[in-house]
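# Notes for the structure review
Each chain, letter by letter, is given below.
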Amino acid sequence: MSHYGDGLAQGADLVAAAENAVAQATAPLGGRRPDLLAVFVCHPDPDVVARAGERAMEVAGARVAVGCSAGGVIGDGRGVEAQPAVAAWAGALPDATLTPFRLDASRTETGIVVGGMPQRTDADEVALVLADPYTFPIQGFVEQSAEALRGLPLVGGLASGPGGAGATRLFLDGAVHERGVVGVTIGGDVRVRTLVSQGCRPVGPAMTVTAAEGPHLQGLAGQPAYRKLEQIVGELDEAEQQMVAQGLHLGVVMDEYADDHRQGDFLIRGVVGADPEQGTVTVGDVVEVGRTVRFQVRDAASADADLDWLMTRHRGDGDTAGALLFSCNGRGRAMFPDADHDVVAVRRGLGPEGVAGFFAAGEIGPVAARNHLHAFTASVLAFGS
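Just so you know, these numbers come straight off a predicted model, no measurement behind them. (Residues numbered from 1 in each chain as written. Predicted model: local features only at pLDDT ≥ 70, side-chain atom pairs only at ≥ 80, totals over all residues. Heavy atoms only, no water.)

A rise of 1.5 Å per residue sets the reference length of helix α1 (residues 14-26), with its 13 residues, at 18 Å; its end C-alpha atoms lie 18 Å apart and thus fit the reference within 8%. Those residues of α1 that are buried lie in contact with β1 (4-10), β2 (36-42), α2 (46-60) and β6 (85-91). (Helix = DSSP H or I, 4+ residues; strand = E, 2+ residues; numbered from the N terminus. Expected span 1.5 Å × (residues − 1). Contact = heavy atoms within 4.5 Å.)

Structure representation (structure tokens):
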């Protein structure tokens, strides 16, 4: 008898598909009521999404249920993108402390106020977070979570809907919400780990940022940033130059005191612009003077190698019995031959009993013990046996 299970079901009747997915996910539990249920729904009609989510939560009868709408779902060892489908994940965690929460943001004269903030207890190990990016300032919340939640690791993803703003749906304990954040803190007698695969590999040398203004890098290794970038790209082979043309990234070293900076030591941020006249390179984040950085490229091969490396690195930390997977909607068939790549890699690398999740519009997970909002990553919440 297992402690975790997953399921995925499709069909014209999405409510029936929700029942089927939950039945698959709960079957390995041997009749035990699940303590934690996660459900993810893909459908072009938000009302259908809501009904399917409600039915999944109802038939599961879990102590805590959480989930959201998505552009694709993951379960039963496969991924399904842009097609009506429901994925469910169930865990029997009788000795775990599970505290559901819902956050909402409101604007005041002094700024944005977040209501519903959970109070971290000493028993809490991690918080699962699912957010509507249109109604909640998730980037700022994640960046400030170290203070607000006393360093509690966050893992999860951004919900999406076919119509953009107003089309997302969030699920929490039988209710459907159209805005904010839903989540659950997990602690007590349970072993959890967070893993984030950013899918990049470095090109060129490590450099010190010698001049910068906000997200605009002005100097790298004592040279104008744009000129340094030109030099690095010019020294790459043709294949790597094509990868740069398809999308360049910057890795920011998270531990400046390390003697050597290797794969996994960087926080990856996209390069969003370059100005040859100003000599600047613009990054999708603020990078301070004095930080060590290195340009990065990403393709299917590097993303596959990074995820495999991450699984191998953490395999020795103990058995994994279940996992929730939040994979970027820019991965799947947009990056790999099929939508199954990430879940197959997690199953192969960690060997869990149940893996489910969704293709997110942004992934949340800690890098170097600090929470971040990512893109093009695979973020995993792994449960020990």
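All right, on to the nonpolar core then. Residues Leu 36, Phe 40, Ile 186, Leu 324 and Phe 383 are the most contacted members of the largest nonpolar core, which totals 38 residues. With residues near it in sequence (within four places) discarded, Phe 40 still touches Gly 67, Cys 68, Val 73, Ala 85, Val 86, Ala 87, Leu 130, Leu 324, Phe 326, Gly 357 and Phe 358. (Core = buried A, V, L, I, M, F, W, Y, C linked by side-chain atoms within 4.5 Å. Buried < 20%, exposed > 50% of the residue type's maximum accessible area, 1.4 Å probe, protein only.)

To continue, consider the pairing of β6. By the criterion of burial, β6 is predominantly enclosed, with seven of the seven residues buried. The alternating pattern of β6 places Ala 85, Ala 87, Trp 89 and Gly 91 and Val 86, Ala 88 and Ala 90 on opposite faces, both of which are buried. Sheet topology places β1 next to β6; seven bridges connect them, and they run antiparallel. Among the inter-strand pairings, Leu 8 is bridged to a residue of β6, identified as Ala 87. Pairing geometry for β2 and β6, over seven bridges, is antiparallel. (Pairing = 2+ DSSP bridges.)

What follows deals with the side chain of Asp 6. Among the secondary structure elements, Asp 6 is positioned in strand β1. You can call Asp 6 buried: its relative accessible area is 10%. Among the polar contacts listed, one links the side chain of Asp 6 to the backbone nitrogen of Asp 76, at a separation of 2.6 Å. A polar contact of 3.0 Å, which involves the side chain of Asp 6, links it to the side chain of Arg 347. Discounting residues that sit within four places of it in the chain, Asp 6 has contacts with Gln 24, Ala 25, Gly 75, Asp 76, Gly 77, Ala 88, Trp 89, Arg 347, Glu 353, Gly 354, Val 355 and Ala 356. (Polar contact = N/O pair within 3.5 Å; in protein donor to acceptor, adjacent residues only side chain to side chain.)

The subject of this paragraph is the state of the cysteines. Applying the stated criterion across every chain yields a total of zero disulfides. With no disulfide of its own, Cys 68 has Cys 42 as its nearest cysteine by sulfur position, at a separation of 11 Å. Cysteine Cys 328 shares no disulfide, and the gap to the nearest cysteine sulfur, in Cys 200, comes to 11 Å. On the basis of relative accessibility, which here comes to 5%, the residue Cys 328 falls in the buried class. (Disulfide = S-S within 2.5 Å.)

What follows deals with the packing of aromatic side chains. In this description, a pair of aromatic rings is defined by centroid distance and the angle of the planes. Scanning the entire structure with this criterion turns up seven aromatic pairs. Note on Trp 89 and Phe 383: the rings are 5.1 Å apart at their centroids and 35 degrees apart in plane angle, and the pair reads as tilted. Taken together, the residues Trp 89 in strand β6 and Phe 383 in strand β27 (residues 378-384) connect sequence positions 294 residues apart. No difference in accessibility class separates Trp 89 from Phe 383, as the two residues are buried. Site record: aromatic cluster; members linked through ring pairs are Tyr 4, Trp 89 and Phe 383. (Phe/Tyr/Trp six-rings, centres within 6.5 Å; stacked < 30°, edge-to-face > 60°.)

Within the open sheet, the six strands sit side by side as β1-β6-β2-β3-β11-β12. Their pairing is mixed. If you trace the sheet from one side to the other, it starts and ends with β1 and β12 (175-177), each paired once. Strand after strand, the sheet turns through a mean of 15 degrees between neighbouring axes, direction not considered. Packing against the sheet, α1 makes contact with β1, β2 and β6, and its axis sits at approximately 155 degrees to β1. (Axes fitted to C-alpha atoms, helices over the stretch in contact; angles between N-to-C directions.)

Looking now at the pattern of salt bridges. This structure, assessed with the given rule, holds 13 salt bridges. A salt bridge links Asp 122 to Arg 150, with the shortest nitrogen-to-oxygen separation between them at 3.2 Å. Within this pair, whereas Asp 122 is found in the loop between β8 (111-115) and β9 (124-131), its partner Arg 150 is found in the loop between α4 (145-148) and β10 (154-158), the two being separated by 28 residues in sequence. On the accessibility criterion, Asp 122 (73% relative accessible area) is exposed. Here Glu 178 makes a salt bridge to Arg 169, at a shortest N to O gap of 3.7 Å. (Salt bridge = Lys/Arg side-chain N within 4 Å of Asp/Glu carboxyl O.)

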